[in-house]
Amino acid sequence: MRISVCSVPQADRAEGSRAVQDNGTEVTAAGIARLAGVGRAAVSNWRRRHTDFPKPVGGTETSPSFALTEVEDWLRRQGKLAEVPLRERVWQQIAGHPEGPVTALVHAGCVLVLVHDRLTVWQEASGGSDARLAELLPTALEQVLTPRLGVLRGAAVPFPTPTELLPSVPLLRGAADLAEELGPRQAYEFLLGRHLDANPRQYTLTPADLAALMADLAGPARSVLDPACGTGALLRALAAAPGQELHGQDSDPGLAALTGLRLALHTKGVVRTAAGDSLRADAFDALRADAVLCHPPFNERNWGHDELAYDPRWEYGFPARTESELAWVQHALARLKDGGTAVLLMPPAAASRRSGRRIRADLLRRGALRAVIALPVGAAPPYNIPLHLWVLRRPEKAPGQPELLLTDAGASVPEGRGGPDWAAVRDAVLGAWRLFARTGTAPEVPGVSRSVPVIELLDDDVDLAPARHLPPPAVGGGAQELTALRARLDETLRLTVDLNPSAHDTADQPRWPLTTVGELARSGDLVMRTGGNGPHTRVLTDHDVLAGTAPSGTLPGTGEEPVLVAEGDVVVPVLGGGAVARVIDAATAGAALGRNLTLLRPDPAALDPWFLAGFLRGTANNRQASSYASTATRLDVRRLQLPRLPLDRQRRYGERFRALAGFEDALRLAGRLGEQLVRGLYDGLTDGTVAPD
């Protein structure tokens, strides 16, 4: 059975359609290119060559927007309208909504909750004209959203009126159809994920792996609060039990609404989200939750220092103006029931700033702060510093001789730039925490974790940075391990000599006919795909391609199928301006293609992959195919050139390019081994495990 009634005659919807025509969905040139399955340059050519091309209805002179219905009519008349996937059409309606994408996502989310909870109500309401649907929906939405999202002070999800819904009706019908195709939850995840990807600077996201780790540290909980909920990643990580109560608040009303709807689709429990600043206008001041998870804003000076001086939440001391993070810590503790657990993501400076030492000392003395965990660089934004996790418990009674667990997961970073090895991070962190949570102490693991008596930390600085209190790890197992490392480096250096390709042979400058990647794609000699869809737990990132490392990334669920790489594919990064192309081997095959990567899958009967990858790496080739912005260089892969050669000649070049790639890999490995040996010798000499002679 179809979710929405799409067989309604167009005439029956005429009244509602005319009412929204003046404020219809707009689409940019990039959106037109997506609809037609072409590049943006083609759209510019159509505008110049065709006098009947639709006129702009909005935007700016340099970035005009067009009425989506007019564009579709023109493309259809010209025979240029591609078979547009439903999800793409719905996304264009979101992106071009007259009230903005956030309002569009809220309206779509309300309907998807209705479809999820009461499908027959939606089917009945959607069976008539657009005007009738807009008139009936508010009552239906109120009936389904009130028990799911409740009514509280500052409630995040407002019930839209018929007038507000009328411009959204085409979008709502499309969203319901998309729910039939993907399921309501997956449909909303896809649309929300597209919006977040399109506005990366507007939102600070908590990575899914980090959210899962924080949820595991908090443990099972019936009632959960996130006072700075953002897009709801932390609450979603703990959304499991049917009788659960999830509470979220965010100062951005749009985010609070989107999160409420997202959670309503992910759990059968009670969801309560509110808009407002949790420190200044706490919507959950009477709540005592089992767990609090929070990724607070960092380094805020205007957090309410002046007006909140006598707030009862400052049980452990009044935070300085520069210590906004300690205000969030005490807010979290104030919303916990006795024995409840809070896990907060913190900047590393919060563990050592002198302005916060008195509050840190009182948190330690009273047994509220239970663990400080240093994460690897790249665990969460800002990605260039190693953030900390603070695990806190609201004390049920005064502790006897409390200890603090200090853990440094910074060693769990793989070679290259692919990001943390989350499996290793979880093993190190959860192994130490679960034992400490049961017994109040944990054995010492050099360089990784240590349970420290609080009395040892209560000095003038109360510095809680884990690295300052952990014994250093054994330097690669000592001198014996360093000797083995040196032997491996010697072997690798000999291998680089063996692989060093000779360059003594010369050739006349060839004058071969050239073609482009775009032409080869149009002729069917290769297939082009772009990455970034999910979900997948083994993703080849642009950093992996640049560093020559194994797949190290993950992709969140967006409702789209990931693009999986296969042996013999050629993968090209499109950002950064480097001449790089990687041929996929058997070990990498099966991984998902990450963002900012283009996959080229050559027809083996027409193209040799090593020949293709080698010519794509030419410096001059990349220069002519690149465009430059103020902060980045972007490669137009379609414009990359390579010669038209018979397959046997391609393979001769391909063998040479393969040898070069092997030489490059050996050089890269030698560099990493050399760095490890130098670092190990420095550490060994300075800590006494290696003798100077």
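Everything in this summary refers to the structure shown in the same document. (Residues numbered from 1 in each chain as written. Predicted model: local features only at pLDDT ≥ 70, side-chain atom pairs only at ≥ 80, totals over all residues. Heavy atoms only, no water.)

Digging into the overall build of the protein chain
For the protein chain, the helix and strand inventory stands at 23 helices and 23 strands. In the protein chain, which comprises 693 residues, the proportion classed as buried is 50%. Here the contacts in the protein chain between residues at least 6 apart in sequence split such that 73% fall between residues at least 24 apart. With the model as given, the accessible surface of the protein chain reaches about 32,500 Å², and the carbon-plus-sulfur share is 50%. (Helix = DSSP H or I, 4+ residues; strand = E, 2+ residues; numbered from the N terminus. Buried < 20%, exposed > 50% of the residue type's maximum accessible area, 1.4 Å probe, protein only. Contact = heavy atoms within 4.5 Å. Areas by Shrake-Rupley, 256 points an atom, 1.4 Å probe, with all protein chains shown as cover.)

Looking at the pairing of strand β8 (residues 336-346)
Within β8, 8 of the 11 residues are buried, which leaves the element mostly enclosed by the surrounding structure. With 5 bridges joining them, strand β7 (residues 289-294) and β8 adopt parallel strand pairing. Looking at the pairing, A291 lines up with T341 of β8. Since β7 and β8 lie parallel, the crossover through helix α15 (residues 324-334) that links them has a hand, and here it is right-handed. (Pairing = 2+ DSSP bridges. Right-handed = clockwise from strand over helix to strand, strands pointing away.)

Some details on the nonpolar core
Ranked by internal contacts, the top residues of the largest apolar core, which has 87 residues, are L217 and L389. With 10 residues, the top contributor of residues to this core is helix α6 (residues 101-117). In contact with L389, other than residues within four places in its own chain, are L210, L213, M214, L217, V343, L344, L345, A371, V372, I373 and L375. Core analysis: the second largest hydrophobic core is formed by 43 residues, Y316, W328, L336 and L464 among them. (Core = buried A, V, L, I, M, F, W, Y, C linked by side-chain atoms within 4.5 Å.)

Overview of the sheet that holds strand β18 (residues 582-583)
Spatial ordering of the open sheet is given by β14-β20-β17-β18, a layout of 4 strands whose pairing is antiparallel. Looking at strand neighbours, the two that pair on one side only are β14 (526-530) and β18, the edges of this open sheet. Here β14 pairs with strand β20 (residues 597-602) via 5 bridges, running antiparallel. Residue pairing across strands places R529 opposite L599, the latter belonging to β20. Helix α21 (residues 609-616) rests against β14, β17 (570-573), β18 and β20 of the sheet, and its axis sits at about 15 degrees to β17. (Axes fitted to C-alpha atoms, helices over the stretch in contact; angles between N-to-C directions.)

Details of the sheet that holds strand β9 (residues 369-374)
One open sheet holds the 9 strands; their spatial order is β6-β5-β4-β7-β8-β10-β9-β11-β12, and the pairing between them is mixed. Sheet topology places β6 (270-275) and β12 (449-453) at the edges, where each strand pairs with a single neighbour. The average angle at which neighbouring strand axes cross in this sheet is 15 degrees, direction not considered. In the sheet, strand β4 (residues 223-226) pairs with strand β5 (residues 245-250) via 4 bridges, with the strands oriented parallel. By the bridge assignment, L225 is partnered in β5 with H247. Sitting on the sheet, helix α14 (residues 253-266) is in contact with β5 and β6, with an inclination near 175 degrees to β6.

Quick notes on the packing of aromatic side chains
The geometry of an aromatic ring pair comes down to the distance between the two centres and the angle between the two planes. Evaluated as defined, the whole model comprises 12 aromatic pairs. When the ring of F53 is compared with that of W74, the centres are 4.8 Å apart and the planes differ by 70 degrees; the resulting orientation is edge-to-face. Taken as a pair, F53 in the loop between α3 (40-49) and β2 (58-59) and W74 in helix α4 (residues 68-78) lie far apart in primary sequence, 21 residues in all. The exposure class assigned to F53 is buried, which follows from its relative accessible area of 4%. Of the residues examined, W74 reaches a relative accessible area of 0% and is grouped as buried. Between W433 and F436, the aromatic rings sit 6.0 Å apart at their centres with planes inclined by 35 degrees, giving tilted as the arrangement. Taken together, the residues span about one helical turn, with W433 and F436 both in helix α17 (residues 422-439) at a distance of 3 residues. The pair formed by W433 and F436 is uniform in burial state, with each residue classed as buried. An aromatic cluster is built from W512, F611, F615, Y653 and F657, whose rings are joined through pairwise contacts. Over the ring of F190 we find R87; its NZ or CZ atom is 5.7 Å from the centre of that ring. (Phe/Tyr/Trp six-rings, centres within 6.5 Å; stacked < 30°, edge-to-face > 60°. Lys NZ or Arg CZ within 6 Å of the ring centre and 35° of its normal.)

Brief notes about unusual backbone geometry
The omega torsion of the bond from P381 to P382 falls at -5 degrees, within 30 degrees of zero and hence cis. As for its placement among the helices and strands, P382 is situated in the loop between β9 and β10 (388-393). At V462, a position not held by glycine, the phi torsion is positive, near 45 degrees. In this fold, V462 is placed in the loop between β12 and α18 (479-499).

Quick word on the packing of helix α8 (residues 130-149) against α14
For the pair α8 and α14, interaxial distance at closest approach is 11 Å and the crossing angle is 85 degrees. With respect to their mutual orientation, α8 and α14 come out roughly perpendicular. Residues L145, R148 and L149 of α8 form the contact with α14, whose own contacting residues are G260, L261 and A264. Here the residues of the contact of α8 with α14 are counted per class, giving 4 nonpolar, 1 polar and 1 charged. (Parallel < 35°, antiparallel > 145°, perpendicular 65-115°, else oblique. Nonpolar A, V, L, I, M, F, W, Y, C, P; charged D, E, K, R; others polar.)

Structural notes on the pattern of salt bridges
Applying the stated criterion to the full structure yields 32 salt bridges. Here E315 ties to R366 by a salt bridge, and the two come within 2.7 Å at their closest N and O atoms. Of this pair, E315 sits in the loop between β7 and α15 while R366 sits in the loop between α16 (357-365) and β9, and the two are 51 residues apart along the sequence. Of the residues examined, R366 reaches a relative accessible area of 29% and is grouped as partly exposed. Among the charged side chains, a network of salt bridges with common partners joins E315, D338, D362, R366 and R394. (Salt bridge = Lys/Arg side-chain N within 4 Å of Asp/Glu carboxyl O.)

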